[in-house]
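Residue-level listing of the chains:
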Amino acid sequence: MSRVVVISGHPNLETSYTNSLILQRLEQGLADVEVRRLDRLYPDYQIDVQAEQEALKAADLIILQFPFYWYSMPALLKKWLDDTFSYNFAYGAAGDKLKGKDLLLSVTVGGPKEAYSALGYNHFRVDELLKPLEQTAYLAGLNFRTPVVTHSMTYIPGVYNTQQAVEARAEEHAVRLISEVEQLLGAPEQHIQRFVTQWFAQFDRLPSDASYFHGHLAEDVQLHMPEGVFTGHAGFNDWYAQARATFKPDCQHQIEQLEVSAAGEQFRVQLRIRLLADTFAESAFNGAALSLLVNETWQVTLDSAEQVRIHSYQVTPVNTEEHAA
Ligand SMILES: Cc1cc2nc3c(=O)[nH]c(=O)nc-3n(C[C@H](O)[C@H](O)[C@H](O)COP(=O)(O)O)c2cc1C
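Draft legend 1. A look at the overall build of the protein. When helices and strands are counted, the protein shows ten helices and twelve strands. When its C-alpha atoms are laid out on the principal axes, the protein stretches across 75 × 45 × 40 Å. A burial count over the protein gives 29% of its 325 residues as buried. Partitioning the intrachain contacts of the protein with sequence separation of at least 6 by distance along the chain shows that 68% fall at a separation of at least 24.

Written out as structure tokens, the structure reads:
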């Protein structure tokens, strides 16, 4: 499995001075990377959706590498996005295939940095213009990472820049990008963040077999829940049985805030979760549809195999809205 997949959205890398160089450096500099050059794979713009979805499923980190075209992405990359991020893949009831992966935009921009400001001729910052992609990431459950952007990348002989100058900037861009990727894949905090997303994807399904949860709970875990305190795997089972009798499966745990910080040997995970769930008629909520907002604080460790283990798990309700079924 390639941990990093790079989707190159340049429509013609034969004419590129900067994207082609950055892609070359990524292939040389990263151990486990697959570069997908959309211009070569799909010169006719007919995207092989299954192949693209398989490549994304196999990756931990997705990089979209593209030149800024009309304050956005090139049409080829937009077509790729429209086709690949389909219902029940990137969104919808079973659309959890990208959840917990990292998304990193790597963008070459023609205009200079000062032009991208309220008083500049482009009026908006690049991060503002990239908001549609940021929101796309949120909807798909991808972790949107700070984009790597380099300005003044247009080379038009005798008009803008020199080939040497844009290539030097592309080299610097590649160094920054590779160091960002290494940090993202290596940092324990990022690993725990990815785990949190997978954990809630399991909770959305409320499976009868609780072995996934047991695998990540310490034997003596303390669960401080609104319903009381539960200890160990047996305690978890008692609480989980109540949860399964209350909430219908295919609920949604939306991660509204997530912060992981080191605390000695352990890590503290602070979360704000919104649970959208239908309830069973026999439950305390009498079949109402719920929107439940909670704060959670976990203490976790990472073992030598990078497995996350939860030692304490505290859930504090913020508010609950009930809607008649
Ligand atoms: C169709 C087209 C649209 C472009 N639109 C923008 C733009 O909106 N803003 C900008 O700063 N540069 C724009 N540029 C410049 C490109 O971003 C720049 O040439 C590119 O990043 C250089 O990458 P390359 O050397 O890999 O081709 C545009 C270029 C083309 C061809």
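Resuming the write-up.
Draft legend 2. Geometry of unusual backbone geometry. The backbone of W70 sits at a positive phi, close to 45 degrees, despite the residue not being glycine. Within the fold, W70 resides in the loop between β3 (61–67) and α4 (75–84). With phi around 50 degrees, N286 is a residue other than glycine that occupies positive phi space. Structurally, N286 is set in the loop between β10 (266–278) and β11 (289–302).

Draft legend 3. Just the sheet that holds β10, in detail. If you trace the six strands from one edge of the open sheet to the other, you get β8-β7-β12-β11-β10-β9, paired in mixed fashion. Each of the sheet's edge strands pairs with one partner strand only, and the pair in question is β8 (228–231) and β9 (252–263). Sheet twist, expressed as the average angle between the axes of neighbouring strands with direction ignored, equals 15 degrees. Alignment of strand β7 (residues 217–225) against strand β12 (residues 308–323), held across four bridges, turns out to be parallel. Opposite H224, over in β12, you have Q314 as the bridge partner. Here helix α8 (residues 188–205) sits on the sheet and contacts β9, β10, β11 and β12; the angle it forms with β9, its principal contact strand, is near 150 degrees. On top of the sheet, helix α10 (residues 232–246) reaches β7 and β8; it is set at about 40 degrees to β7, its chief contact.

Draft legend 4. Examining the site of the ligand more closely. In the neighbourhood of the ligand, 16 residues make up the surrounding shell, with S16, N19, P67, G110 and G111 lying closest. Of the residues that constitute the shell around the ligand, the class distribution is eight nonpolar, eight polar and no charged.

Draft legend 5. Spatial organisation of the environment of A281. Here A281 shows up in the loop between β10 and β11. You can call A281 exposed: it has 9 C-beta atoms within 10 Å. Sequence-wise, A281 and L23 are 258 residues apart; in three dimensions their C-alpha atoms are separated by 56 Å. Those residues within four positions of A281 in sequence are excluded, and the remaining contacts are N286 and G287.

Draft legend 6. Spotlight on the pairing of β3. Across the seven residues of β3, six count as buried, placing the element largely inside the fold. Relative to β3, strand β1 (residues 4–8) runs parallel, the two being bridged by five bridges. Opposite V4, over in β3, you have L61 as the bridge partner. The pairing of β3 with strand β4 (residues 102–108) spans seven bridges and is parallel. The residue bridging L61 from the neighbouring strand is D102, located in β4. Considered for its hand, the β-α-β crossover made up of β3, α4 and β4 is right-handed.

Draft legend 7. Here's a closer look at the nonpolar core. The biggest cluster of nonpolar side chains holds 45 residues, and the ones touching the most others in it are V4, V6, I7, L26, L61, I62 and I63. Contributions of two or more residues to this core are made by β1, α1 (19–29), β3, α4, β4, α6 (131–140), β6 (148–150) and α7 (163–186). Take this core: its biggest share by element is six residues, from α7. Ignoring anything within four residues of it in the chain, the contact list for I7 reads R36, L38, I62, I63, L64, Q65 and W80. L223, V300, I310 and Y313 belong to the second-largest nonpolar core, a separate cluster that totals 20 residues.

Rules behind the numbers
- Residues numbered from 1 in each chain as written.
- Predicted model: local features only at pLDDT ≥ 70, side-chain atom pairs only at ≥ 80, totals over all residues.
- Helix = DSSP H or I, 4+ residues; strand = E, 2+ residues; numbered from the N terminus.
- Buried ≥ 20, exposed ≤ 12 C-beta atoms within 10 Å, placed from the backbone.
- Contact = placed C-beta atoms within 7 Å.
- Pairing = 2+ DSSP bridges.
- Axes fitted to C-alpha atoms, helices over the stretch in contact; angles between N-to-C directions.
- Near = placed C-beta within 6 Å.
- Nonpolar A, V, L, I, M, F, W, Y, C, P; charged D, E, K, R; others polar.
- Right-handed = clockwise from strand over helix to strand, strands pointing away.
- Core = buried A, V, L, I, M, F, W, Y, C linked by C-beta atoms within 7 Å.

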